Amino acid sequence: MTIYVSTRGRAGRRSFEEVLLAGLAEDGGLFLPESWPRLPEARLRALDGADYPTTTAAVTAPFTGGAFEEAELLALAREAYEGFAHPATAPLRQLDPTLWLLELFHGPTLAFKDFALQLLARLFERVLERRGETITILGATSGDTGSAAIRAIAGRARMRIVVLHPAGRVSEVQRRQMTTVAAANVTNLAIEGTFDDCQEIVKKLFADPDFRSEQKLAAINSINWARIAAQAAYYVYAALRLGGLERPVSFCVPTGNFGDVYAGHVARRLGLPVGRLVVATNANDILARFLATGTYAAATVVPTSSPSMDIQVASNFERLLFELLEGEGARVAELMDRFARERCFTVSRAIHARARELFEGGAADEAATRAEIAHWHGATGGSVLLDPHTAVGAAVARRLRPSLAGPLVLLATAHPAKFPEAVETACGVRPPLPAHLADLFERPERYTVLPADPAAVRDAVRRLPPLPA
Ligand SMILES: *Cc1c(COP(=O)(O)O)cnc(C)c1O
C-alpha cells in the first residue's frame, strides 16, 4: 500500500485518494510516496510491445495504493486515450541515427498535458462516485493547462470546471480550444486583466473558507501527484520501444514547472533504466542555472515564443529537493521559506553534485529556438515542423548530445499548429491544424467577460445551476 507524505514534513500520511483530491498538502508542501514502489524487471520486460493504455495501467497501479485495481486503471486508460489522433498514442519518430522525437501532441488539445488530464478526470469521477461527493474545479490559465483541463472535465459527472483566462491575452487557437467546448459543466470567464490578475482572484477565492467549502473547490494544477504518475508511463513506453532494458535511453525534456521531466525521474525510481535526463529551459532558465551553479534564484519572467515554459518558480522542483535532502521535510520547509523571502537559496556542494548525477541542464534563447525550427525544417525537406517548446529541447539536445551515450529521445510537448506564428516566423511555413480541429475557427464560442474582481467571479460561480449528485 503506497502511503504519501508532504515534502515539508508537517502533514499526515495520506492515501492515494486523498492526494488525488487535495493537490497541495496542508503544510504547503507537495505529496510524494513515502517509499518508491518498484516494477520488477520481468514486469517491465512483459510491457515490451504492450499498447499505451496497458503501459499506463502497469505504471500507475503501484502508485494508487490499492485505490484502483490494474484492470480498472486499464479500462479508464483505454477510454482516456481512445480519442487520440494517432493509433500509437505516443508515437516515436526517428530524426537521425541516435535522436528520436516522442510525439506527445496527438491528444484533443495538441499538447502533452492531455495525457495526464484525460486520465485524471476519470480518476476524479470514480473517487467522487465512491464518496458521493461533487466538486467545482477552479483555475486560471495562460493557455495550455486550461484547454487540456476543460476538454478532460467536459461532460464528466459530479464535477464542473470554471476557468479564468486574461481577456484578449491568450492566442486565438488557445482561446477557441477552451470556449468552443459546449458541455454544460464548463464555464469560461474572460477576465479584464492579466494572467496574474486571474491567478490572484483564484487564490483569493481558495482562501475564502465559506466559499471554498460551499463549492467544494478543487484544483488540477501541475503539482497534483497523479499527473506526474500518469506521465511516467510515456517514458517507459518510449524506452521499451528502443530496447531500453539493454541500453539505457536518455531523454531531453522542454521544462517549465519541472513536472514533465520529473515524471522521467519517477519512471527511473520505478525501475526503468534511464541514461540521462536533460532539463531544457528557454530564457527563463532558473533550473538550468541551478544545475550549473547550485544556486536556485528567481529572475524576472521574460515572455518568449514558448509561453508554457515562461516560469521562474518551478513548483515540482520541491519534490527533487526533498529527495536531495534525504526526506528531511523540515530542511525543505526552511529552504522554501527562505526562497519565499529572498527569492534565492544555495545548496551545499555535495547536494549540488547529487542533483547533477540525476539531471543535466541547458537553455536555449529565442534566436537559438528559431534557428532550431529552421534547422529541422531544412534538414528534413520540410517534413519535420517543431513547435517552439519542442525546439528549445531540440537545441539543447543537439548541443549536449556528444556527451550522451545511446539513444536520445526528445519529448515533443506541443503540436506546431498550436503556435503557428512562431513556427512561420522561424521557417516560413504556417502549420495547418490537424483534421480533428480543422473547423475550430467555425465553432461557436461561449464565454463571459468579467472585471478583475473576486466578488464578480464568486457571484458568477454561485449563479451556476447546482450539480446533480
Ligand atoms: C506545460 C508545458 C511545458 C512545460 O511542462 P512542465 O511540466 O511545466 O515542465 C512544455 N511545453 C508545453 C507545450 C507545455 O504545455
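Residues numbered from 1 in each chain as written. Predicted model: local features only at pLDDT ≥ 70, side-chain atom pairs only at ≥ 80, totals over all residues. Heavy atoms only, no water.

A. Spotlight on the pairing of strand S7 (residues 186–192). Of all seven residues in S7, six are buried, a share of seventy percent or more. In this sheet, S7 lies alongside strand S6 (residues 159–166) in parallel orientation, the contact comprising six bridges. When the sheet's bridge partners are listed, Leu-164 is paired in S7 with Leu-189. Of the crossover connections in this fold, the one passing from S6 over helix H7 (residues 172–179) to the parallel S7 is right-handed. Sheet analysis places S7 next to strand S15 (residues 448–451), joined by four bridges and oriented parallel. Considered in S15, the bridge of Glu-192 is made with Pro-451. (Buried < 20%, exposed > 50% of the residue type's maximum accessible area, 1.4 Å probe, protein only. Helix = DSSP H or I, 4+ residues; strand = E, 2+ residues; numbered from the N terminus. Pairing = 2+ DSSP bridges. Right-handed = clockwise from strand over helix to strand, strands pointing away.)

B. Up close: the packing of helix H5 (residues 113–131) against helix H10 (residues 225–241). The contact between H5 and H10 brings their axes to 9 Å, and the two run at 125 degrees. Looking at the two axes, H5 sits oblique to H10. The handedness of the crossing between H5 and H10 comes out as right-handed. Seen from H5, the contacting residues are Lys-113, Phe-115, Ala-116, Leu-117, Leu-119 and Leu-120; seen from H10, they are Ala-226, Arg-227, Ala-230, Gln-231 and Tyr-234. Grouping the constituent residues of the contact of H5 with H10 by class yields eight nonpolar, one polar and two charged. (Axes fitted to C-alpha atoms, helices over the stretch in contact; angles between N-to-C directions. Parallel < 35°, antiparallel > 145°, perpendicular 65-115°, else oblique. Left-handed = near helix turned anticlockwise from the far one by under 90°. Contact = heavy atoms within 4.5 Å. Nonpolar A, V, L, I, M, F, W, Y, C, P; charged D, E, K, R; others polar.)

C. Spotlight on the environment of Glu-34. Mapped onto the elements of the fold, Glu-34 is located in the loop between strand S2 (31–33) and helix H2 (41–46). Judged by its relative accessible area of 44%, Glu-34 is partly exposed. Spatially, the C-alpha atoms of Glu-34 and Val-236 are 22 Å apart, while their sequence positions differ by 202 residues. Not counting chain neighbours up to four residues away, the residues in contact with Glu-34 comprise Ile-3, Tyr-4, Val-5 and Arg-13. Side chain to side chain, Glu-34 and Arg-13 meet in a polar contact 2.9 Å long. (Polar contact = N/O pair within 3.5 Å; in protein donor to acceptor, adjacent residues only side chain to side chain.)

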